Amino acid sequence: MITTKEQLIHLIARARKSDAVALDTEFVWERTYYPQLGLIQIALSDEDCHLIDPCALSDLTPLGDLLCDRGVIKIFHDAPQDLAILNRATGATPQNIFDTRLAAGFANLPASLSLASLVKELLDIDLPKTETRTNWLKRPLDDKQVDYALDDVRYLRALRFLLLNRVIGPTIRIWLQEELNLLNNPNTYMGSFENNSRYLKIRGAGTLNRQALAILKELANWRDQEARSVNRPRSHVIPDSALLLIAQKHPDSLESLKEKEFLSNKALNRHGKTIVKLVSQVLQADPSTYPSLHQAPRLSAREKESLEKLTSLINLKCEIQGIDPALVGNSSELKTLVKILHHRNVEASRQLRQTEGWRKLFLEDFFHNQKR
C-alpha cells in the first residue's frame, strides 16, 4: 500500500519507464455528488502490483504525471468512469488509453463483457466477486479486499496482448485505435457528471408536453448545480418524482407549491422560492424555446425495409471482420440514419457517428447502394 508521497514518487518513476501499466479505481458513491475515491490500483506486471491510498495522500500529482505521459500506455477495463474520477483527483488529462472492454468488441468478443468474464474467456481464471460492496474508504483493508483489488489490474497487460492478437488485420486495428483515441478527450467521459440532457432520463419525462418538459429541464439543471455545490446526490436535494410532479402541475406561487405537498417542509423552506421563480420564468418564456419532444423514430414501410438491409449488412460484415455489431451503432442511431438517407425531416442536427470515421468506412457499401 502506497501511503506516502515518497513511495508514490518512487513507484511512478518506475511506472514511467514501462511500456504499459494497468490501472483501476475503487470508490464509494452513495452520499455525495462526486464519487469518493477510496483506492487506486496499478500494475507494472502481473507480479508487480500496488495499491495507492488516496485517503492518506493529499497530493496525487505524480500519478497525474503518469496519466498524461503519452509514452506509457494506460490499460483500463471500461475506462470512462475511472478516467473521470482520476481526472478530478489529479487534475491531469489521461492520454494514451487502452480499454480492454472496448478492445474486446474489435476482437470477436462482445464489447459489454465484465472484467471477470473477459479474464475467464481469455485466461480461464475465475476472479472472486466477494468484495463488490466493500466500503473502500474504511481502513485498514483486510487480505481479501487487497487481493480483490489487485486482481482488477493483475491481468490487464496480458488481456491487452491477447486482444490485440485476436484483432483481424491492420484495418480493424486502426479502427480500434481511432475509438481509443476518443478517450484522450475529457469530453468523452466527463459527461457522466455534467450532462444537460440528464432530465430526459427522469422516469416519466417522455409523457410530458413541451412546456412541462421545459420546466423539468430548468429544474433538473438547477438541481444539478445545487447538488454539485454541496457535494450531495441529486435526490438529496429534491427527488426525481417531485421534479416530475412540479413540471406537470407548474405551481406559480409558494402557497400553491406548499398546498400540493410536492416537497418536504425542509426542502420547501430551502428551495421553494427558487423553484417557483424557475417555473414562472419558463411559463413566461417564448414557447419556441421549449425543448422538442423526444419520441422514438417511427419508420415507414420503405424505411423499415432499409433498416432490415442495414442491420443484415452490419451483422454480416461484423461476423466476417470480428467486430461486435453494437459498436457500429445502437437501434436509435440506425433508425435515425435510415430516416436521414430517405430525406425525411428528422431533428438530427447532431452529427451521427455513422457518418464519419471508421463507421462511415464500415458502412460505405450501404451508403453507396442508397444513392442509386
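Quantities reported herein were computed from a predicted structural model and do not represent experimental measurements.

S.K.: It is not clear to me how the overall build of the chain should be interpreted in this structure. Could you clarify?
M.R.: Counting secondary structure elements, the chain contains 18 helices and five strands. Across the 372 residues in the chain, those meeting the buried criterion constitute 47%. Look at the contacts in the chain between residues 6 or more apart in sequence, and 66% of them connect residues 24 or more apart. Working note: accessible area of the chain is about 19,900 Å², and carbon and sulfur atoms make up 46% of it. In the chain, 50 side chains carry a positive charge and 46 a negative one; their mean positions are 6 Å apart.

S.K.: What is the right way to read unusual backbone geometry from this model?
M.R.: With an omega dihedral of 0 degrees, the bond running from Arg139 to Pro140 counts as a cis peptide bond. If you trace the backbone, Pro140 turns up in the loop between helix 5 (115-123) and helix 6 (143-154). A positive phi is found at Asn96, a non-glycine position, where the angle reads about 60 degrees. Mapped onto the fold, Asn96 is located in the loop between helix 3 (79-90) and strand 5 (97-99). One non-glycine residue with positive phi stands out, namely Asn108, at about 65 degrees. Topologically, Asn108 is positioned in the loop between helix 4 (100-105) and helix 5.

S.K.: Would you mind showing me how to read the side chain of Thr32 here?
M.R.: In this structure, Thr32 sits in the loop between strand 1 (20-28) and strand 2 (36-43). Take Thr32: its relative accessible area is 7%, and that puts it in the buried class. Within the local environment of Thr32, its side chain forms a polar contact with the backbone oxygen of Tyr34, the two atoms lying 2.5 Å apart. Sequence-distant contacts of Thr32, that is, excluding residues within four places in its chain, are made with Asn231, Arg232 and Pro233.

S.K.: Quick question: what am I supposed to make of the sheet that holds strand 4 (residues 73-76) here?
M.R.: Paired through their backbone hydrogen bonds, the strands of a sheet run either parallel or antiparallel. Within the open sheet, the five strands sit side by side as 3-2-1-4-5. Their pairing is mixed. Of all the strands in the sheet, just strand 3 (49-52) and strand 5 have a single pairing partner and so form its edges. Across the sheet, the mean angle separating the axes of adjacent strands is 30 degrees when strand polarity is ignored. The pairing of strand 1 with strand 2 spans seven bridges and is antiparallel. Counted as the bridge partner of Asp24 is Gln41 from strand 2. Sitting on the sheet, helix 3 is in contact with strand 1, strand 2, strand 4 and strand 5, with an inclination near 80 degrees to strand 1.

S.K.: Mind showing me how you'd approach the packing of aromatic side chains here?
M.R.: Within this structure, the stated rule accounts for eight aromatic pairs. With a centroid separation of 5.5 Å and 25 degrees between ring planes, the pair formed by Trp175 and Trp358 is classed as stacked. Of this pair, Trp175 sits in helix 8 (residues 169-181) while Trp358 sits in helix 17 (residues 357-362); the two residues are 183 residues apart in sequence, bridging distant segments of the chain. Pair check on accessibility: Trp175 and Trp358 agree, each one buried. Chaining the aromatic ring pairs together yields one cluster made of Phe106, Trp175, Trp358 and Phe362.

S.K.: How should the environment of Asp252 be read in this particular structure?
M.R.: Turning to its location among the elements, Asp252 is positioned in the loop between helix 11 (240-249) and helix 12 (254-260). Sequence separation of Asp252 and Val276 is 24 residues, and the distance between their C-alpha atoms is 5.8 Å. Other than its neighbours up to four places away in sequence, Asp252 contacts Val276 and Ser280.

S.K.: I keep staring at the pattern of salt bridges and nothing clicks. Help me out?
M.R.: Any two side chains of opposite charge can pair, given that their charged atoms come close. Summed over the entire model, instances satisfying the criterion amount to 17 salt bridges. The salt bridge partner of Arg139 is Asp53, with a shortest N-O separation of 2.7 Å. On the criterion of sequence distance, the pair formed by Arg139 in the loop between helix 5 and helix 6 and Asp53 in the loop between strand 3 and helix 2 (61-67) is long-range, its members being 86 residues apart. Residue classification places Arg139 among the partly exposed positions, given a relative accessible area of 28%. Overall, the relative accessible area of 6% leaves Asp53 in the buried class. Residue Asp78 pairs with Arg101 through a salt bridge whose shortest N-O separation is 3.1 Å. In this pair, Asp78 is assigned in the loop between strand 4 and helix 3 and Arg101 in helix 4, connecting sequence segments 23 residues apart. Asp78 gets classed as partly exposed once you look at its relative accessible area, which sits at 37%. Overall, Arg101 belongs to the partly exposed group, its relative accessible area being 23%.

S.K.: What's the story with the packing of helix 14 (residues 301-321) against helix 16 (residues 331-341) in this structure? I'm lost.
M.R.: Geometrically, a packed helix pair is captured by the angle between its two axes and the distance between the axes. Where helix 14 contacts helix 16, the axes come no closer than 10 Å and their chain directions differ by 125 degrees. On the basis of their axis angle, the class for helix 14 and helix 16 is oblique. By crossing handedness, the relation of helix 14 to helix 16 is classed as right-handed. Judged by residue contacts, Glu303, Ser306, Leu307, Leu310 and Ile314 of helix 14 engage Leu334, Lys335, Leu337, Val338 and Lys339 from helix 16. When the residues that make up the contact of helix 14 with helix 16 are grouped by side-chain class, the tally is six nonpolar, one polar and three charged.

S.K.: In this structure, what is going on with the pairing of strand 2? I would like to understand it.
M.R.: Note on strand geometry: in a regular strand, side chains alternate between the two faces of the sheet. Along strand 2, seven of the eight residues are buried, which leaves the element largely enclosed by surrounding structure. Note: strand 2 against strand 3, four bridges, orientation antiparallel. Pairing of Gln41 across the sheet is with Leu51, part of strand 3. Turn length for the strand 2-strand 3 hairpin, with the two strands adjacent in sequence and antiparallel, is five residues.

What counts and what doesn't
- Residues numbered from 1 in each chain as written.
- Predicted model: local features only at pLDDT ≥ 70, side-chain atom pairs only at ≥ 80, totals over all residues.
- Heavy atoms only, no water.
- Helix = DSSP H or I, 4+ residues; strand = E, 2+ residues; numbered from the N terminus.
- Buried < 20%, exposed > 50% of the residue type's maximum accessible area, 1.4 Å probe, protein only.
- Contact = heavy atoms within 4.5 Å.
- Areas by Shrake-Rupley, 256 points an atom, 1.4 Å probe, with all protein chains shown as cover.
- Lys, Arg positive; Asp, Glu negative; His and termini not counted.
- Charge placed at Lys NZ, Arg CZ, Asp CG, Glu CD.
- Polar contact = N/O pair within 3.5 Å; in protein donor to acceptor, adjacent residues only side chain to side chain.
- Pairing = 2+ DSSP bridges.
- Axes fitted to C-alpha atoms, helices over the stretch in contact; angles between N-to-C directions.
- Phe/Tyr/Trp six-rings, centres within 6.5 Å; stacked < 30°, edge-to-face > 60°.
- Salt bridge = Lys/Arg side-chain N within 4 Å of Asp/Glu carboxyl O.
- Parallel < 35°, antiparallel > 145°, perpendicular 65-115°, else oblique.
- Left-handed = near helix turned anticlockwise from the far one by under 90°.
- Nonpolar A, V, L, I, M, F, W, Y, C, P; charged D, E, K, R; others polar.

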